[in-house]
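Coordinate inspection notes
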Amino acid sequence: MAMINTVLGPVSSDELGVTLMHEHIVSAQPGWECDALAVPYDREAIAKVCVEALEEAKAYGVKSLVDAAPNDLHRDVALDKMVSERSGINIICATGLYHEAGGKPSYLNFRSRIFDTTTEIYETFMKEITQGIGDTEVKAGVIKVATGDRQISVYEERVLRAAARAQRESGVPIITHTEAGTMGPEQADLLISEGADPKRIMIGHIGGNANLQYHTSVLEKGVYIAFDQLGVEAFFPDTLRKACIIGLIGVGYANRIMLSHDHSAYRLGRSTEWPDFVRALMPNWSYAHVFKNIIPALKQAGVSDEKVNTMMVENPRRLFAGE
Ligand SMILES: [Zn+2]
């Protein structure tokens, strides 16, 4: 058993229950705040939308979710607290940094000319894990890191090394973003080489390709993998993701796979919802799609209730406990 930092305080890993390991409460790309016509930020209104959007997942038994927003993608722990209090769902928030092309690397890249920023990033992660985020008392429960398309930049390597050090010291798990289904094995190698425990690493967005050889090459590192963009069919079809999940379960990997959506109930910027043509490309994307559509398809293919429970309850618990 391990104690996990949620936005409302520590929870035992045995109490997590059905857990979505990679979701968002709100999503935003850095720069939205420069749009003069962006919808003004109204935390109360956003909380209402998010709580409503979580109702369906709650009805399917979801007890916990990870808000995977790192420090540079509009992480709002006050909002997470409101949503957790009102929905009754445990929310675990992250410390971390996004990939160089999508995040806010300027400050650290500038400081890197003068200072050891790997150490500075590690100190940021540890401050947020052990003391809390900003002046809130909310402590981060996961470390989120990311790499780019077919490459790990110098900046991203510093972030990954800092994350490995913070994980080694705190025991808090690392969850990752991979871009376009690339660099999963390289992420695992880099983190492990810096002393991270593979049992506390979840390599994310693994379903960005349908290459089973790629998937098993990540699994061979002893880490967890996450098909955590289920329903995001604008990038990749769920049919292929389901085929991969069923195949990997069939050869004995149910104890290494997590399922999630990378969903967000609200978008920041000029419009707070996706336009119709995007919705049409991914009609099933929600916090409940795994339960409504994916798990029934897995069962039809012969996946047992026990293996579903392994993926949705046991694997998240073991990732946090380092088992
Ligand atoms: Zn995400």
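For the structure given in this document, a descriptive report is provided here. Just so we're clear, the structure is a prediction, and the values are computed from it rather than from any experiment.

Brief notes about the sheet that holds strand 8 (residues 174-179)
Pairing in this open sheet of eight strands is parallel, and the strands run 3-5-6-7-8-9-10-11 from one edge to the other. In this open sheet, the two edge strands, each paired with only one partner strand, are strand 3 (18-23) and strand 11 (257-259). Pairwise comparison of adjacent strand axes, ignoring direction, gives a mean angle of 30 degrees for this sheet. Alignment of strand 8 against strand 9 (residues 201-203), held across two bridges, turns out to be parallel. Each bridged residue has a counterpart across the sheet, and for Ile 174 the counterpart in strand 9 is Ile 201. The strands touched by helix 11 (residues 305-321) within the sheet are strand 3, strand 9, strand 10 (224-227) and strand 11, with strand 11 carrying the most contacts at an inclination of about 115 degrees.

Let's talk about the packing of helix 6 (residues 184-193) against helix 7 (residues 212-219)
Think of two packed helices as two axes; the pair is described by the angle between the axes and how far apart they sit. In the contact formed by helix 6 and helix 7, the axes pass within 8 Å of each other and the chain directions differ by 10 degrees. Overall, the two elements helix 6 and helix 7 adopt an arrangement that is roughly parallel. Facing Gly 184, Pro 185 and Ala 188 of helix 6, the residues of helix 7 in contact are Tyr 214, Ser 217 and Val 218. Here the contact of helix 6 with helix 7 is composed, by residue class, of four nonpolar, two polar and no charged.

Considering the nonpolar core
Counting residues in each nonpolar core, the largest one holds 92 residues, and the members touching the most others are Ala 163 and Met 202. Contacts of Met 202, omitting those with residues within four sequence positions, involve Met 21, Pro 173, Ile 175, Thr 176, Val 223, Tyr 224, Ala 226, Met 258 and Leu 319.

With respect to unusual backbone geometry
Positive phi values are uncommon outside glycine, yet Arg 150 reaches one of about 65 degrees. Following the sequence through the fold, Arg 150 ends up in the loop between strand 7 (142-149) and helix 5 (154-170). A count of 11 C-beta atoms within 10 Å places Arg 150 in the exposed class. A positive phi angle, close to 55 degrees, is found at Asp 262, a residue other than glycine. Along the polypeptide, Asp 262 turns up in the loop between strand 11 and strand 12 (266-267).

Some words on the pairing of strand 6 (residues 90-96)
Buried residues dominate strand 6, accounting for seven of its seven residues. Across the two faces of strand 6 the burial is the same, with Asn 90, Ile 92, Ala 94 and Gly 96 and Ile 91, Cys 93 and Thr 95 all buried. In the sheet, strand 5 (residues 62-67) pairs with strand 6 via four bridges, with the strands oriented parallel. Of the residues in strand 6, the one forming a bridge with Ser 64 is Asn 90.

Examining the packing of helix 1 (residues 43-59) against helix 2 (residues 77-87)
Helix 2 packs onto helix 1 with a crossing angle of 45 degrees between their chain directions and a minimal axis gap of 9 Å. Classed by the angle they form, the pair helix 1 and helix 2 counts as oblique. Our pair here, helix 1 against helix 2, has a crossing hand that is right-handed. Residue-level contacts link Arg 43, Ile 46, Ala 47, Cys 50, Val 51, Leu 54 and Lys 58 of helix 1 to Ala 78, Leu 79, Met 82, Val 83, Arg 86 and Ser 87 of helix 2. Class assignment of the residues belonging to the contact of helix 1 with helix 2 gives a composition of nine nonpolar, one polar and three charged.

Brief notes about the pairing of strand 8
Within strand 8, five of the six residues are buried, leaving the element largely enclosed by the surrounding structure. The sheet contact formed by strand 7 and strand 8 spans five bridges and is parallel. Looking across to strand 8, one finds that Ile 143 is bridged to Ile 174. Once you follow strand 7 into helix 5 and on to strand 8, the crossover reads as right-handed. In terms of handedness, the path from strand 8 via helix 6 over to strand 9 forms a crossover that is right-handed.

A short note on helix 1
Residue pairs three or four apart in sequence face the same way in an α-helix, which turns once every 3.6 residues. When the terminal C-alpha atoms of helix 1 are compared, their 24 Å separation across 17 residues agrees well with the 24 Å that a helix rising 1.5 Å per residue should span. Every buried residue of helix 1 is accounted for by Ile 46, Ala 47, Cys 50, Val 51, Leu 54 and Ala 57. The inward-facing, buried residues of helix 1 abut strand 4 (26-27), strand 5, helix 2 and strand 12. Phi turns positive one or two residues past the end of helix 1, at Gly 61, with a value near 100 degrees.

Definitions and cut-offs
What you see as residue numbers is a count from 1 along each chain, following the sequence as written. Predicted model: local features are reported for residues with pLDDT of at least 70 only, side-chain atom pairs are reported and counted for 80 or more only, and whole-chain, interface and lining totals are derived from all residues. By this definition, two strands are paired if DSSP reports at least two bridges between them. Runs of E in the DSSP output that reach at least two residues are strands. Runs of H or I that reach at least four are helices, and both are numbered from the N terminus. Geometry is summarised by axes, namely lines fitted to C-alpha atoms with helices restricted to the contacting stretch, and by angles between N-to-C directions that run from 0 to 180 degrees. Residues are defined as contacting one another if the C-beta atoms placed from their backbone atoms lie within 7 Å. Orientation categories follow fixed angle ranges, with anything under 35 degrees roughly parallel, anything over 145 roughly antiparallel, 65 to 115 roughly perpendicular, and all other angles oblique. Charged residues are taken to be Asp, Glu, Lys and Arg, nonpolar residues to be Ala, Val, Leu, Ile, Met, Phe, Trp, Tyr, Cys and Pro, and polar residues to be all remaining types, Gly included. By our criterion, buried Ala, Val, Leu, Ile, Met, Phe, Trp, Tyr and Cys residues that link up through C-beta atoms within 7 Å make up a nonpolar core. Every C-beta atom is placed from the backbone, and the number of other C-beta atoms within 10 Å of a residue's own sets its class: buried at 20 or more, exposed at 12 or fewer, partly exposed in between. When the near helix sits turned anticlockwise from the far one by under a right angle, the crossing is termed left-handed; a clockwise turn instead gives a right-handed crossing. With strands facing away from the observer, any crossover in which the path from the first strand over the helix to the second runs clockwise is taken as right-handed. For a helix, the expected span equals 1.5 Å multiplied by the number of residues minus one.

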